[in-house]
Amino acid sequence: MAARKAKPKAVVDTSFWIHLVKLNLVESFTQLWNIVVTRKVEEELHAFVRIKLYTPLDLEIYNELKSNGTIQVKDPKSVPGNINSQITNNSGELFSIALAKEDKIIVFIDNGIPYDFCKRNQILAANIVDYLMRQYEQKKFTKEQTLEKLMILESLKSMKLKYIEKARKELM
Amino acid sequence: MFMKKVKYDCDRKNVKTLRLTDAMSTMAYNIAKEENLTESEFLRKLIEKGLKEYKLGMALKAYKNKEVNIAGGANLAGITYREFLDALEECGIPTIEVSPETIKYGFESMERSLGLKPKKRDYNKLFEDTFINKEKKK
């Protein structure tokens, strides 16, 4: 019997992680990939104003998965000049892309500019909508579940409204 | 609305003189009195708030014009990544771009990462099936 193939690694950026938790997709995601996060992304996740007496849910889940080894923290050895000149200095996105390039692994990123940069530079990249649509195509989610998640993105205004509206009409 | 008293570390060299209209001056005097603040304290707070809002507005505009990413916008506005992401959401500025090209790149990246050969798909159709309503197709 052939040995079971190890799960590939995926670098996850701050906004993608926040959306992944908001859409309740962490479990399905970790079935496919081992998550790697840079220290800067960890720092961005931990930076929040403590005006309320609670920790954001995404941070709670992050801490839990980090403590049980599901999430690994790793930084790139170096940041290539072309990334440094085009992505904001000292940002989670910069280090995430540099790590994905260095380790030749995929980076999950929800922010337009860095995503475009990955496309232009042939760095494997996907965003939360790509992931959600592929899961739907693979029949991991029903139309209703996909619609529900699209509506969450709508409520977050993370995605252009016209797309959500059209998707809703299509799915209903 | 009550304003918290804040002790500012103000320097004598930073004295600014400005003229106000009668209406502005009266309003500032009345509100400061209501808030139990001196007029200077009230105006300092107002300027501080205005500067923060201005910086955030500039950062949101820069993000919308694709001049900065989320972290860059947060730096520009002087707030955390989460606060800037919340501000983008509040202002309805999307962070995720969707098009047949992005979906194609995302699907192929995921499949390569999973050790699969990227499937041939009609990404325009996939995009339309999900994001374009039937009425338009008719």
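Everything below is about the structure printed above this text.
Quick notes on the rules
Residues numbered from 1 in each chain as written. Chains lettered and ligands numbered in written order. Predicted model: local features only at pLDDT ≥ 70, side-chain atom pairs only at ≥ 80, totals over all residues. Helix = DSSP H or I, 4+ residues; strand = E, 2+ residues; numbered from the N terminus. Expected span 1.5 Å × (residues − 1). Buried ≥ 20, exposed ≤ 12 C-beta atoms within 10 Å, placed from the backbone. Contact = placed C-beta atoms within 7 Å. Nonpolar A, V, L, I, M, F, W, Y, C, P; charged D, E, K, R; others polar. Core = buried A, V, L, I, M, F, W, Y, C linked by C-beta atoms within 7 Å. Pairing = 2+ DSSP bridges.

## What about helix H6 (residues 92–103) of chain A?
Part 1: Here H6 of chain A is twelve residues long and its end C-alpha atoms lie 16 Å apart, about the 16 Å a rise of 1.5 Å per residue gives.
Part 2: The set of residues buried in H6 of chain A consists of Gly92, Glu93, Leu94, Phe95, Ser96, Ile97, Ala98, Leu99, Ala100 and Lys101 of chain A.

## Some thoughts on unusual backbone geometry
Part 1: For lysine 139 of chain A, which is not a glycine, the phi torsion comes out positive at approximately 60°.
Part 2: Of note, lysine 139 of chain A is situated in the loop between helix H8 (128–137) and helix H9 (143–156).
Part 3: When the 7 C-beta atoms within 10 Å are taken as the criterion, lysine 139 of chain A is described as exposed.
Part 4: Positive phi outside glycine occurs at asparagine 36 of chain B, with the angle close to 60°.
Part 5: Of note, asparagine 36 of chain B is situated in the loop between helix H1 (22–34) and helix H2 (39–64).

## Focus on the interface of chain B and chain A
By a widely used convention, the size of an interface equals the accessible area lost when the partners come together.
Part 1: Of the residues lining the interface, 36 residues belong to chain B; the matching set on chain A comes to 44 residues.
Part 2: For the side of chain B that touches chain A, the secondary structure elements donating two or more residues are helix H3 (70–77), helix H4 (81–90), helix H5 (100–113) and helix H6 (123–131) of chain B.
Part 3: For the side of chain B that touches chain A, the element with the highest residue contribution is H5 of chain B, accounting for nine residues.
Part 4: In terms of residue class, the side of chain B that touches chain A is built from 15 nonpolar, 13 polar and eight charged.

## Details of the nonpolar core
Part 1: Counting residues in hydrophobic clusters, the biggest one holds 62 residues, and the most contacted among them are Ile97, Ile106, Val107 and Ala125 of chain A together with Phe84 of chain B.
Part 2: For this core, the element with the most residues is H6 of chain A, which contributes six residues.

## Observations regarding the pairing of strand S2 (residues 34–37) of chain A
All names here are of chain A.
Part 1: Across three bridges, the pairing between strand S1 (residues 9–12) and S2 is parallel. Across the sheet, the residue bridging to valine 11 is valine 36, located in S2.
Part 2: As judged from the three bridges shared by S2 and strand S3 (residues 71–73), these two strands associate in the parallel manner. Bridging from a neighbouring strand, isoleucine 35 pairs with isoleucine 71 of S3.

## What to know about the environment of lysine 120 of chain B
Part 1: Following the sequence through the fold, lysine 120 of chain B ends up in the loop between H5 and H6.
Part 2: Along the chain, lysine 120 of chain B and lysine 104 of chain B lie 16 residues apart, while their C-alpha atoms are 9.7 Å from each other.

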